[in-house]
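Chain by chain, the residues run as shown.
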Amino acid sequence: MNAIDRTPADLLGSALAADPARPLVTFYDDATGERVELSVATFANWVAKTANYLQGDLAAGPGDRLALLLPAHWQTAVWLLACASVGVVAEVGGDPGAADLVVSGPDALDAARACSGERVALALRPLGGRFPQPPAGFADFAVEVPGQGDRFVPFAPVDPGAPALVVGGEELTGAGIGERALADAAAAGMPPAPRVLSGLAYDSWRGLSAGLYAPLAAGGSVVLCRHLDRLDGAALAGREAAEKVTFTVPRS
């Protein structure tokens with residue numbers, strides 16, 4: 001984390017400048033066998049496209065509230081960084097009825113319909129696949145985003161001191177996310193440029209920090225595992241070795 005890095009978007013920009021080819025997010029779903037690895041450059045490209053879609057087609061801007069109804073997933077990480085890039089407040093598990101717009105996975109569509117604003121749905125299929133039939137009343141992320149621009153410039157400057165994230169009833173600023181994530185990495189004893197394996201859900205600050213923000217702030221990468229409880233000890237040890245993990249987040 002450089003002295004000028006304050007927000008998650010700043011951290012991603014520095015990672016991109018330093019080494020765009022290195023892995024940043026490796027995602028496993030142990031219920032389906034899916035594995036996806038995104039380099040810094042690929043992840044940043046997804047973030048740029050999503051941010052362009054967010055401020056362009058969805059007309060979202062700084063201070064708008066987005067209810068994020070997604071599990072721990074690489075596409076959730078993309079949305080979190082896209083919101084930070086635009087200045088939109090990501091409310092993880094937030095109330096769609098009180099939000100300006102909502103982003104939902106396939107399991108939360110009924111709840112997401114309470115949002116009177118723009119609604120976006122993600123199929124969460126392997127390789128970012130689209131819905132076979134788009135849900136009524138929702139834009140399909142996999143249809144709308146690939147054609148967006150590869151570079152992002154916000155229409156309005158993003159204030160690092162403005163609210164950026166709400167999770168578990170706690171509100172954090174963009175600068176607060178970076179500072180707290182770096183402190184978490186140090187407190188946990190993560191090595192420099194860690195390769196972190198996390199099976200925690202994204203429904204708490206601890207899960208978000210371990211599974212995205214702390215590795216990013218510490219100049220490392222994350223192996224994000226959904227349904228990790230399906231692995232026994234031997235299989236987990238094998239994954240840690242194969243992925244060259246240097247820090248495993250305790251499950252409890």
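Residues numbered from 1 in each chain as written. Predicted model: local features only at pLDDT ≥ 70, side-chain atom pairs only at ≥ 80, totals over all residues. Heavy atoms only, no water.

Trainee: I'm lost on the pairing of strand β5 (residues 101-104) in this one. Help?
Mentor: Put simply, side chains in a regular strand alternate between the two faces of the sheet. Covered by surrounding structure in β5 are Leu101 and Val103 together with Val102 and Ser104, the residues of both alternating faces. Of the strand pairs in this sheet, strand β3 (residues 65-69) and β5 are connected by 4 bridges, and their pairing is parallel. From the neighbouring strand, Leu66 faces β5, where its bridge partner is Leu101. In this structure, β5 lies alongside strand β6 (residues 118-121), joined through 4 bridges in parallel fashion. Counterpart to Val103 in the pairing with β6 is Val120. (Buried < 20%, exposed > 50% of the residue type's maximum accessible area, 1.4 Å probe, protein only. Helix = DSSP H or I, 4+ residues; strand = E, 2+ residues; numbered from the N terminus. Pairing = 2+ DSSP bridges.)

Trainee: Explanation requested: the sheet that holds strand β7 (residues 139-140) in the structure shown.
Mentor: Strands belonging to one sheet form pairs held by backbone hydrogen bonds; the direction of such a pair is parallel or antiparallel. Strand order in this open sheet of 7 strands is β7-β6-β5-β3-β4-β8-β9, and the pairing throughout is mixed. If you trace the sheet from one side to the other, it starts and ends with β7 and β9 (170-173), each paired once. Where helix α6 (residues 174-188) meets the sheet, it contacts β8 (163-167) and β9, and its direction lies at approximately 95° from that of β9. Contacts from helix α7 (residues 205-217) reach β4 (89-92), β8 and β9 within the one sheet, and its direction differs from that of β8 by about 120°. (Contact = heavy atoms within 4.5 Å. Axes fitted to C-alpha atoms, helices over the stretch in contact; angles between N-to-C directions.)

Trainee: Honestly, the packing of aromatic side chains in this entry has me stumped. Any pointers?
Mentor: Aromatic ring pairs are defined here through the distance separating the ring centres and the angle between the ring planes. Considering all chains together, one arrives at 4 aromatic pairs under this definition. Judged by centre distance (5.7 Å) and plane angle (50°), the ring pair of Trp79 and Phe141 falls under tilted. Placement of the pair is Trp79 in helix α3 (residues 74-86) and Phe141 in helix α5 (residues 141-144), with a sequence separation of 62 residues. Note on accessibility: Trp79 and Phe141 belong to one class, buried. With a centroid separation of 5.7 Å and an interplanar angle of 15°, the aromatic rings of Trp205 and Tyr213 are classed as stacked. Exposure remark for Trp205: the relative accessible area of 8% places this residue in the buried category. By relative accessible area, which is 3% here, Tyr213 ends up buried. Through a chain of ring-to-ring contacts, the aromatic side chains of Trp46, Trp74, Trp79 and Phe141 assemble into a single cluster. Positioned above the aromatic ring of Phe138 is the side chain of Arg119, whose terminal nitrogen or guanidinium carbon lies 5.9 Å from the ring centre. (Phe/Tyr/Trp six-rings, centres within 6.5 Å; stacked < 30°, edge-to-face > 60°. Lys NZ or Arg CZ within 6 Å of the ring centre and 35° of its normal.)

Trainee: Would you explain the pattern of salt bridges in this entry?
Mentor: A pair can form between side chains of opposite charge whenever their charged atoms are brought close. Inspection of the entire model under this criterion finds 11 salt bridges. The salt bridge partner of Arg226 is Asp29, with a shortest N-O separation of 3.8 Å. In this pair, Arg226 is assigned in strand β11 (residues 221-226) and Asp29 in strand β1 (residues 23-29), connecting sequence segments 197 residues apart. Note that Glu37 and Arg35 form a salt bridge whose closest N and O atoms lie 3.0 Å from each other. Take Arg35: its relative accessible area is 41%, and that puts it in the partly exposed class. Overlapping salt bridges, with partners in common, bring together Arg35, Glu37, Arg195 and Glu243 in one network. (Salt bridge = Lys/Arg side-chain N within 4 Å of Asp/Glu carboxyl O.)

Trainee: Sorry, what's going on with unusual backbone geometry here?
Mentor: In terms of backbone geometry, most residues other than glycine have negative phi values and most peptide bonds are trans. The residue Ala59 is not glycine, and still its phi comes out positive at about 55°. For Ala59, the position within the fold is in the loop between α2 (40-55) and β3. Accessibility expressed as a relative area gives 60% for Ala59, which makes it exposed.

Trainee: I tried to follow α7 on my own but got confused; where do I start?
Mentor: Think of an α-helix as turning once every 3.6 residues; residues three or four places apart then point the same way. The terminal C-alpha atoms of α7 lie 15 Å apart, and with 13 residues this falls more than 12% below the ideal 18 Å at 1.5 Å per residue. The sharpest bend along α7 measures roughly 40° and falls at Gly211, with the proline Pro215 sitting one to four residues further on. Counting buried positions over the 13 residues of α7 gives 12, a clear majority of the element. If you check which residues of α7 are buried, you get Trp205, Gly207, Leu208, Ser209, Ala210, Gly211, Leu212, Tyr213, Ala214, Pro215, Leu216 and Ala217. At the C-terminal side of α7, Gly219 shows a positive phi close to 75°. (Expected span 1.5 Å × (residues − 1). Bend = angle between axes of the 7 residues up to and from the residue.)

Trainee: Any chance you could explain the environment of Gly13 here in plain terms?
Mentor: Examined against the element boundaries, Gly13 turns out to sit in helix α1 (residues 8-18). On the accessibility criterion, Gly13 (38% relative accessible area) is partly exposed. Residues Gly13 and Ala44, spaced 31 residues apart in sequence, show a C-alpha to C-alpha distance of 8.0 Å.

Trainee: What's the story with helix α8 (residues 233-242) in this structure? I'm lost.
Mentor: Sitting at the head of α8, Asp232 places a side-chain oxygen 3.3 Å from the backbone nitrogen of Ala234. Once α8 finishes, Lys244 follows within two positions and takes phi at roughly 55°, a positive value. (Polar contact = N/O pair within 3.5 Å; in protein donor to acceptor, adjacent residues only side chain to side chain.)

Function cannot be read off these values alone, since they describe shape.
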